[in-house]
Amino acid sequence: MSQNRKRAAIILAAGQGTRMKSTLPKVLHRVAGRAMMDLAIDAAEGLNCERIIVVVGAHSPQVGDSARQRLGADSVVVQDPPLGTGHAVLAAKAALSDFDGQVVVSYADCPLIDTQTLKTVFDLAETADLAVLGFEAADPGAYGRLVIEGADDLSAIVEAKEATPEQLVIRACNSGVLAADRATLFALLDEVKNDNAKGEYYLTDVVGIARARGLKPKVCFVAEEDVTGVNSQVELAAAEAIWQSRRRKALMLNGVTMPAPETVFLSWDTHIAPGVVVEPNVVFAEGVSVASGAVIRAFSHLEGASVAEGALIGPYARLRPGADIGKDAHIGNFVEVKNVRIGEGAKANHLSYLGDGEVGAKANIGAGTIFCNYDGYFKHRTVIGEGAFVGSNASLVAPVTVGAGAITGSGSVITEDVHADALAFERSRQTEKAGWARAFRERKAAEKAAQKAEKQKG
């Protein structure tokens, strides 16, 4: 075999997924915030596969639409009717008719098959006529067994229901992933028959056909977790748990501090630099990056946000898409930030909503501040200048600008721009009525006594 040949991937996504008991197609359910089908495509793209073909079922146009949006119409083929895994791979034959190189068959419902897993089977295919990916199962159960001769020569794949008692004790199991030269793969598939109880064409039959042709199928192994399949909501949660555990471990090994890692949840694209501290019960949704030295305190939720060096977030903070938190800035408890750039060293420590705008360096946002950004039809921006001080319980009605160094009085509703270094306040004059509170209490006490007396008479 020549080394470093071109690569292609066939991703099977035609299963009906009835055990998910969901209106959402199985392969569009998410692990780490990303559809399982997209994770399978990511793995193939990570190995620079020149062609990626997704095989979908006619019963689920939503899956086909999603794949076409990601890869283009030429990368999606429909298996109709569904007649087994071998038939599904054959559906991609025409789409790869002009391709010269290795092809791997992977699965859209196996979200933990990553680039390294595919590389393992591709590397074996450089020296084998047919490379099959196996795993050692803790409980082989209904998995197909791999009958192996010597170190890695694959003699057969035997389905559990057809295995002999001796074969059933084999713990080497078939993952379903295999790789071969494109011409070899489809030549073998052309000989697969459907003379079985289900009348289906099984992909596993290619091993026996290859042996009969004098070819040499070989097997390589990965951990059972690496090829975990998802067929139910329970298995989806299990795959999520494995993914999260692996990613947390990788981050900690890279220098991220997590006192309670099992309570931290990450997304497929979360980037956390070494030197970050992540306290318990933090959720990172999609699109978050956190720079070194930042601290994400407990019970915070981040999505579509960037956090710069040394920033302090939370506890109980919410960063929504477009939140851009500057170096050494503080976003405190029960503060929500959406589409706002917070300048270096700025602080919003308590109970505030900052939506659509900009807060300058070293500015201070008092407790209870609201950026009133929405007029019922359009969003508007609030701009706070460098070093400005916004008093507690202020409402800033956008569009509005508070100039650099300006101060707004507590409880003010700011509807007009405030000049730099000015004081702006808006509140009614306080009045006082001497003795009013005492008279009020005496009057109410007398009313209560009268009511009690009336009840006693009755």
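Residues numbered from 1 in each chain as written. Predicted model: local features only at pLDDT ≥ 70, side-chain atom pairs only at ≥ 80, totals over all residues. Heavy atoms only, no water.

Asks: Whenever I open this one, the nonpolar core confuses me. Can you help?
Replies: Across soluble globular proteins, you tend to see nonpolar side chains buried next to one another. The biggest cluster of nonpolar side chains holds 73 residues, and the ones touching the most others in it are Ile10, Met37 and Val89. Counting residues in hydrophobic clusters, the runner-up holds 58 residues, among them Ala239, Val276, Leu302 and Ile325. (Core = buried A, V, L, I, M, F, W, Y, C linked by side-chain atoms within 4.5 Å. Buried < 20%, exposed > 50% of the residue type's maximum accessible area, 1.4 Å probe, protein only.)

Asks: Before we go on, may I ask you to explain the pattern of salt bridges in this structure?
Replies: Think of it this way: side chains of opposite charge can pair up when their charged atoms draw near. Applying the stated criterion across every chain, the model contains 27 salt bridges. Here Lys218 ties to Asp153 by a salt bridge, and the two come within 2.7 Å at their closest N and O atoms. Within this pair, whereas Lys218 is found in strand 11 (residues 217-222), its partner Asp153 is found in strand 9 (residues 153-158), the two being separated by 65 residues in sequence. What emerges from the salt-bridge pattern is a single network uniting Arg34, Asp38, Asp42, Glu45 and Arg70. (Salt bridge = Lys/Arg side-chain N within 4 Å of Asp/Glu carboxyl O. Helix = DSSP H or I, 4+ residues; strand = E, 2+ residues; numbered from the N terminus.)

Asks: Quick question: what am I supposed to make of the packing of aromatic side chains here?
Replies: The description of an aromatic ring pair rests on the distance of the ring centres and on the angle between the ring planes. Taken as a whole and judged by the stated rule, the model has four aromatic pairs. On the basis of an interplanar angle of 90° and a centroid distance of 5.0 Å, the ring pair of Phe135 and Tyr143 is categorised as edge-to-face. Seen from their ring centres, Tyr316 and Phe334 are 5.0 Å apart, and the 15° between their planes marks the pair as stacked. Taken as a pair, Tyr316 in the loop between strand 19 (312-313) and strand 20 (318-319) and Phe334 in the loop between strand 22 (330-333) and strand 23 (336-342) lie far apart in primary sequence, 18 residues in all. (Phe/Tyr/Trp six-rings, centres within 6.5 Å; stacked < 30°, edge-to-face > 60°.)

Asks: Whenever I open this one, the sheet that holds strand 34 (residues 423-424) confuses me. Can you help?
Replies: Remark on secondary structure: sheet strands pair via backbone hydrogen bonds, oriented parallel or antiparallel. Read from one edge to the other, the open sheet built from nine strands follows the order 13-16-19-22-24-26-29-32-34, with strand pairing classed as parallel. Lying at the two open borders of the sheet, with one neighbouring strand each, are strand 13 (277-278) and strand 34. As paired strands, strand 29 (residues 389-390) and strand 32 (residues 407-408) are joined by two bridges and run parallel to one another. By the bridge assignment for strand 32, Phe389 is matched with Ile407. (Pairing = 2+ DSSP bridges.)

Asks: What am I meant to see in the layout of surface pockets here?
Replies: If a probe the size of a water molecule is rolled over the atoms, the empty space left behind becomes visible. The calculated volume of the largest pocket comes to roughly 1800 Å³. Around the largest pocket sit 46 residues that line it, and Arg19, Thr85, Tyr107, Asp109 and Asn231 are the ones nearest its centre. Elements represented by at least two residues in the lining of the largest pocket include exactly strand 1 (7-13), helix 3 (85-90), strand 10 (172-181) and helix 8 (233-253). Counting residues per element, the lining of the largest pocket draws most heavily on strand 10, at four residues. Residues that form the lining of the largest pocket fall into these classes: 20 nonpolar, 16 polar and 10 charged. Taken as a whole, the second largest pocket encloses approximately 350 Å³ of empty space. Lining the second largest pocket are 13 residues; nearest its centre among them are Leu39, Pro111, Leu112, Asp114 and Trp243. Secondary-structure elements contributing two or more residues to the lining of the second largest pocket are helix 1 (36-46) and helix 8. Among the elements that take part in the lining of the second largest pocket, helix 8 stands out by supplying four residues, more than any other. Considered class by class, the residues forming the lining of the second largest pocket number eight nonpolar, one polar and four charged. (1 Å grid on protein atoms, 1.4 Å probe; cavity = no way out; pocket = protein on both sides within 12 Å on 5 of 7 lines; lining within 4 Å. Points joined across faces, edges and corners; volume = space filled by probe spheres on them. Nonpolar A, V, L, I, M, F, W, Y, C, P; charged D, E, K, R; others polar.)

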